[in-house]
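Per-entry structural report
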Amino acid sequence: MSALMRLAAAFAAVLAGPLTAGPIELDGWTLQPVASCTARAGRVAAHPTYDAAARADLARDPMLSLKPDYYDMPAHLHFDLSACYGPSGLFDAGLRVLPVSDYLHILDDGRTPGTHMAKQFDTLRHWLSGKPDAVAVWPLVPFLDMSPQFTVQRRALRFHGGRGIRVVTQFVPDAGFATSGLVSYVFQGLSDDGRSFVLLTVPLTIDGAAADGAREHLGFTLEQLDRNAAAAQRYERAVDALLARSGTKPALTELDALVESLSNKTGQPGKSATDKQPAAEAATSVSK
C-alpha cells in the first residue's frame with residue numbers, strides 16, 4: 001500500500017470515529033467513560049446564594065434573606081453525563097469537581113461569613129476518615145432541603161489523587177417509596193490535598209421499584225415509613241435486598257469504575273473564584 005493510500009485509510013478511520021471511547025480532559029482533570037457513553041466536559045460559572053444585587057437588597061432590608069439552593073456552587077468543572085444515562089431524576093447525571101476554598105463562602109450574604117459549609121466539609125472529612133457505615137447521618141455538601149429516606153450500598157472508593165464514599169439513596173421531603181429516577185447514585189469525595197470536592201450523581205432505574213402513586217411497596221405503607229422508625233429501618237433493608245436481586249441501571253460497578261478513572265494531572269482544584277471563563281463552555285466530547 002502506498003503512503004498516500006495509507007494516509008487516506010487513516011483519515012477514513014478517524015471520520016468513522018474511535019472504536020472505543022477515549023478519556024475526557026479539562027484543566028488537567030481526566031475522566032474515562034465507558035465506550036458507549038457520549039459525554040461532554042465544560043466549565044460552570046459561580047452561582048452564589050447572594051449575588052451583588054441580593055446583597056444590596058439584604059443590606060437595605062434584613063427580611064429579604066434568601067433560602068439556599070442545591071445548585072448554589074462556586075465556579076467548577078462539570079462532566080455532563082446526561083446523554084449517557086438518560087433524563088434527570090432528582091439529580092442530574094454528572095460529575096463535578098469544585099474548589100473547596102470557594103465553596104466555603106458560597107452561602108455568604110455579605111455581612112458576616114457563614115460557617116455552615118465549613119461544618120459540612122468537616123463532617124465529610126470525618127466520614128471519609130472511617131468506614132462508610134460508621135456515620136449514620138452522612139453529610140450532603142450541596143444544600144438540599146430534604147432528608148434521605150434510605151441509604152444503602154455504601155462503599156469507599158479511590159480515584160487518582162483522592163478518595164470518597166458512594167451511596168445509593170433517595171431524598172424525600174417527608175416519606176417516600178424507592179422510585180426509579182428518584183433513587184440516585186451519589187459519590188462525594190475529596191482530593192488528597194483537600195483542595196477539590198468531587199460530586200457524582202446519577203439517577204438509577206430499578207426493576208421492582210415503586211410505581212407512581214403506589215400506596216404500598218415491598219409490604220410497607222407510606223404511613224408506616226413516616227411514623228414508625230423501626231418500619232423505616234426494615235424498609236431500608238428490603239430496598240437493599242431488592243437491589244441485590246435486581247441490580248440497577250446503570251450498574252453500580254460501572255459508576256464505581258467511572259469514579260475510579262478520575263485523575264488530576266496538575267494538582268489544581270476544580271476552578272478558582274477569579275476564573276472568567278464563560279458558563280458551560282464545552283471543552284471535549286467523546287461519543288460512540
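Above this note sits the structure.
Residues numbered from 1 in each chain as written. Predicted model: local features only at pLDDT ≥ 70, side-chain atom pairs only at ≥ 80, totals over all residues. Heavy atoms only, no water.

**A short note on the environment of Leu 81**
Rules: A run of H or I in DSSP becomes a helix once it reaches four residues, and a run of E becomes a strand once it reaches two; helices and strands are each numbered from the N terminus. Type-normalised accessible area, obtained with a 1.4 Å probe on protein chains alone, sets the label of each residue: buried when under 20%, exposed when over 50%, and partly exposed for intermediate values. Residues are treated as being in contact if the distance between any of their heavy atoms lies within 4.5 Å.
Within the secondary structure layout, Leu 81 lies in the loop between β4 (76-80) and α3 (82-85). Residue classification places Leu 81 among the buried residues on the basis of a relative accessible area of 0%. Placed 44 residues apart in sequence, Leu 81 and Cys 37 show a C-alpha to C-alpha distance of 7.8 Å. Not counting residues up to four positions away in its chain, the partners in contact with Leu 81 are Cys 37, Ala 39, Ala 93, Gly 94, Leu 95, Leu 200 and Leu 258.

**With respect to the side chain of Gln 188**
To keep things clear, this is the line we draw: Within 3.5 Å is the distance limit for a polar contact, defined as a pair of N or O atoms, with the added protein rule that one can donate a hydrogen and the other accept it, and that residues adjacent in sequence qualify only through two side-chain atoms.
Relative to the assigned elements, Gln 188 resides in strand β8 (residues 184-191). Within the structure, Gln 188 has its side chain in polar contact with the backbone oxygen of Pro 139 (distance 2.7 Å). Side-chain polar atoms of Gln 188 contact the backbone nitrogen of Val 141, separated by 2.9 Å.

**Some details on the sheet that holds strand β1 (residues 24-26)**
As a reminder of what qualifies: Strands pair, by our definition, only if DSSP identifies at least two bridges between them.
Taken together, three strands build an open sheet; the order of strands is β1-β2-β12 and the sheet is antiparallel. Two strands bound the open sheet, and with one partner strand each, they are β1 and β12 (263-264). Bridging between strand β2 (residues 29-31) and β12 involves two bridges; their strand directions are antiparallel. Looking at the pairing, Thr 30 lines up with Ser 263 of β12.

**Description of the state of the cysteines**
Using the following cut-off: Any cysteine sulfur atom paired with another within 2.5 Å is treated as part of a disulfide.
Scanning the entire structure with this criterion turns up one disulfide. Two residues share a disulfide in this structure: Cys 37 and Cys 84, whose sulfurs sit 1.8 Å from each other. The disulfide joining Cys 37 to Cys 84 has a torsion of about 65 degrees about its S-S bond and is therefore right-handed. With a gap of 47 residues between them, Cys 37 in the loop between β2 and β3 (39-44) and Cys 84 in helix α3 connect regions that are remote in the sequence. Residue classification places Cys 37 among the buried residues on the basis of a relative accessible area of 1%.

**Quick notes on the nonpolar core**
Keep this limit in mind: As used here, the term nonpolar core means buried Ala, Val, Leu, Ile, Met, Phe, Trp, Tyr and Cys residues forming a set that is joined through side-chain atoms within 4.5 Å.
Counting residues in each nonpolar core, the largest one holds 43 residues, and the members touching the most others are Phe 79, Leu 81, Leu 95, Tyr 185, Phe 187, Leu 200 and Tyr 235. Examining the composition of this core, we find that six residues originate from one element, helix α7 (residues 229-246), more than from any other. Leu 98, Tyr 103, Ile 106 and Val 135 belong to the second-largest nonpolar core, a separate cluster that totals 24 residues.

**Focus on the pairing of β4**
Most of β4 is tucked away: four of the five residues are buried. Looking at chain direction, β3 and β4 are connected through five bridges and run antiparallel. Bridge pairing links Arg 40 to Asp 80 in β4. Pairing between β4 and strand β5 (residues 94-99): four bridges, direction antiparallel. Across the sheet, the residue bridging to Leu 77 is Val 97, located in β5.

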